[in-house]
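An overview of the molecular structure
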Amino acid sequence: MLILGIETSCDETAAAVVTDTKEIRSNVVLSQVADHLPYGGVVPEIAARAHMDHIEAVISKALQDAGVTLPELDAIAVTGGPGLIGGVIVGVMTGKAIASVQNKPFIAVNHLEGHALTVRLTHDVTFPFLLLLVSGGHCQFLSVQGVGQYKKLGGTVDDALGEAFDKTAKMLGLDYPGGPAVEALARGGNERAYTFPVPMKGREGCDFSFSGLKTAVRQRIQELGKLNEQQKADICASFQFTVGESVCDRSRHAMDMFCTQYPEAKTFVLAGGVAANQYVRGRLEKTCAEFGMTLVAPPVKLCTDNAAMIAWAGLERFRLGMIDSLDFEPRARWPLFA
Ligand code: KG4
Ligand code: ZN
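What comes next is a walk through the structure.

Rules and cut-offs
Here the residue index of a chain counts from 1 through its sequence in written order. Lettering of chains starts at A and numbering of ligands starts at 1, both following the order in which they are written. The predicted nature of this model means local features are confined to residues of pLDDT at least 70 and side-chain atom pairs, given and counted, to a pLDDT of 80 or more, with totals for whole chains, interfaces and linings taken over all residues. Only hydrogens and water are set aside; all other atoms, that is, all heavy atoms of the structure, feed into the side-chain values. Water is not among the atoms examined, so metal sites may look incomplete; donors are the N, O and S atoms within 2.8 Å of the metal, or within 3.2 Å for Na, K and Ca. A run of DSSP states H or I qualifies as a helix once it reaches four residues; a run of E qualifies as a strand once it reaches two. Both are numbered from the N-terminal end. Buried means the residue's accessible area, taken with a 1.4 Å probe over protein chains only, is under 20% of the maximum for its type, while exposed means over 50%, and partly exposed covers the values in between. What makes a nonpolar core is a set of buried Ala, Val, Leu, Ile, Met, Phe, Trp, Tyr and Cys residues whose side-chain atoms join them at distances within 4.5 Å. It only takes one pair of heavy atoms within 4.5 Å for two residues to be counted as in contact. One requirement defines pairing of two strands: DSSP has to find at least two bridges between them. Helix axes are fitted only over the stretch in contact, all axes being lines through C-alpha atoms; the angle between N-to-C directions runs from 0 to 180 degrees. The near set for a molecule or strand comprises every residue that places at least one heavy atom within 4 Å of it. N or O atoms closer than or at 3.5 Å make up a polar contact, with two conditions inside protein: a donor-capable atom paired with an acceptor-capable one, and, for residues adjacent in sequence, both atoms drawn from side chains. Method for areas: the Shrake-Rupley scheme with a 1.4 Å probe, in which residue coverage is limited to the protein chains shown. The residue classification treats Ala, Val, Leu, Ile, Met, Phe, Trp, Tyr, Cys and Pro as nonpolar and Asp, Glu, Lys and Arg as charged. All others, Gly included, are polar. Ring geometry is summarised as follows: Phe, Tyr and Trp rings, the Trp one being its six-membered ring, pair when their centres sit within 6.5 Å, and such pairs are stacked at plane angles under 30 degrees, edge-to-face over 60 and tilted between the two. A helix is expected to span 1.5 Å for every residue after the first.

1. Let's talk about the coordination of the zinc ion (ligand 2)
On the protein side, the zinc ion (ligand 2) has His111 (NE2), His115 (NE2) and Asp305 (OD) as donor atoms, found 2.1 Å from it. All donors to the zinc ion (ligand 2) come from one chain, and their sequence spacing reads H-x3-H-x189-D. Here the residue His111 occupies a position in helix α4 (residues 111–122), and Asp305 occupies one in the loop between β10 (294–296) and α10 (308–319), the gap between them amounting to 194 residues. The pair His111 / Asp305 is uniform in exposure class, with both members buried.

Pasting the structure below:
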């Protein structure tokens, strides 16, 4: 079985071909970072225009790399939302056009489900599992019972974790996207140099909050005045340490909640762009071990936005007969849970 995946919900134009034997035949990701860099973040209009300009070439390359022609595909899976609506429309219209002309099934994939199911492409992970989904726009604990079956255990009351990394980077004058820049600088910093309050620590449930941490970092930067490179690294390390404290504390609560319901389940999945962060992974691995759970995260390349995750989630849906009509409307908002 061969599925073409298309992803255009943010600032990557991506296409991939994935098989039911878990082979990623191709995975083309065209990053628009250079287009948005001068603005310090993604500009929706520029993103939509860039998707229009590049989508055809990206799909052609994905098919070519995979050695596959359109008639050989079994289905077309496209990110149907949530995301920047201009980009989502470009992907959905392109996917529908291919599906219509080639007379193939069309599958609208929730971008978050793409992140959520990627581990089943790269690892042998069975349902149910506990999922911490942390990206630029989302930050939530979900109990995943099956394809399309998600229950929210907790989430952020303000900023997403990726957003907190991006804002910290911006305050330090680091380039967008901020997550990788903060992680890299933190390696040379002292995580105990500055003390920031750990958000929500000990609070019942497993919600997150990152706006207080952002304010604390901003105040500290203002107090210090002009920063030298070591101070910047120390702020990154101290910020990341505080994030680690919060993520581990919240995850303990989430594991308590999840394990009460599913005592036999032993898998904790970390997904979304922030799952690329090695420090957060390391901290969580230890915390999972306290509960006899195993942390599973996709390889770094499949944590940030890509189309292999969309093709795979589409394949999982296709196998279950979950096909969409060509009337599907692109969605800016689309929660995973009912
Ligand atoms: O999943 P993703 O590629 O796009 C969304 O769906 O949002 O996630 C992007 C987010 C950005 O906020 C980015 O700064 C963050 O993931 N990110 C990281 C790392 N790599 C990407 N955050 C921390 N450490 C990283 N290494
Ligand atoms: Zn994403």
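2. Considering the nonpolar core
Counting 49 residues, the largest nonpolar core has Leu130, Leu132, Phe141, Leu161, Phe268 and Leu270 as the members making the most contacts within it. Those elements that provide at least two residues to this core are β6 (129–134), β7 (139–146), α5 (161–171), α6 (178–186), α7 (211–224), α8 (229–261), β9 (267–271) and α9 (278–290). With ten residues, the top contributor of residues to this core is α8. The contact partners of Leu270, leaving out residues within four places of it in the chain, are Leu132, Val134, Ala275, Val280, Arg281, Leu284, Leu295, Val296, Ala297 and Pro298. Listed in part, the 35 residues of the second largest apolar core include Ile3, Val18, Val125 and Ala271.

3. Some thoughts on the sheet that holds β7
Read across the sheet, five strands follow the order β8-β7-β6-β9-β10 without closing on themselves; strand pairing throughout is mixed. The outermost strands of the open sheet, each flanked by one partner alone, are β8 (149–155) and β10. Averaged over all adjacent pairs, the angle separating strand axes in this sheet is 25 degrees, with direction ignored. Relative to β8, β7 runs antiparallel, the two sharing six bridges. Of the residues in β8, the one forming a bridge with Leu142 is Lys152.

4. Brief notes about the site of ligand 1
By nearness alone, 18 residues border ligand 1, and Gly136, Asp166, Gly179, Glu183 and Asp305 come closest of all. In this structure, a nitrogen atom belonging to ligand 1 sits 3.0 Å away from a side-chain N or O atom of Asn277. When ligand 1 sits alone it has 550 Å² of accessible area, and the protein chains cover 89% of it. Of all the elements in the fold, those that place two or more residues in the shell around ligand 1 are α4, α5 and α6. Per-element accounting of the shell around ligand 1 gives the leading share, four residues, to α6. Of the residues in the shell around ligand 1, the class split is four nonpolar, eleven polar and three charged.

5. Describing the packing of aromatic side chains
Taken as a whole, this structure holds eight aromatic pairs when the rule is applied. Aromatic side chains Phe106 and Phe328 sit 6.5 Å apart centroid to centroid with 55 degrees between the ring planes, which places their arrangement in the tilted category. One end of the pair, Phe106, is in strand β5 (residues 106–110); the other, Phe328, is in the segment after α10, with 222 residues separating them in the sequence. No difference in accessibility class separates Phe106 from Phe328, as the two residues are buried. On the basis of an interplanar angle of 40 degrees and a centroid distance of 5.7 Å, the ring pair of Phe328 and Trp334 is categorised as tilted. Accessibility assignment for this pair places Phe328 and Trp334 in one class, buried.

6. Focus on α4
With twelve residues, α4 should cover 16 Å at 1.5 Å per step; its first-to-last C-alpha distance of 17 Å lies within 8% of that length. Summarising burial for α4: eleven of the twelve residues are buried, a large majority. Turning to α4, its buried residues are His111, Leu112, Glu113, Gly114, His115, Ala116, Leu117, Thr118, Val119, Arg120 and Leu121. Between a side-chain oxygen at the N-terminus of α4 and the backbone nitrogen of Leu112 the separation is 2.8 Å; the capping residue is Asn110.

7. Looking at the side chain of His111
The buried category is assigned to His111, whose relative accessible area is 7%. A polar side-chain atom of His111 sits 3.2 Å from a polar atom in the side chain of Ser9. Those residues within four positions of His111 in sequence are excluded, and the remaining contacts are Glu7, Ser9, Thr79, Gly81, Pro82, Asp305, Met309 and Ile310.

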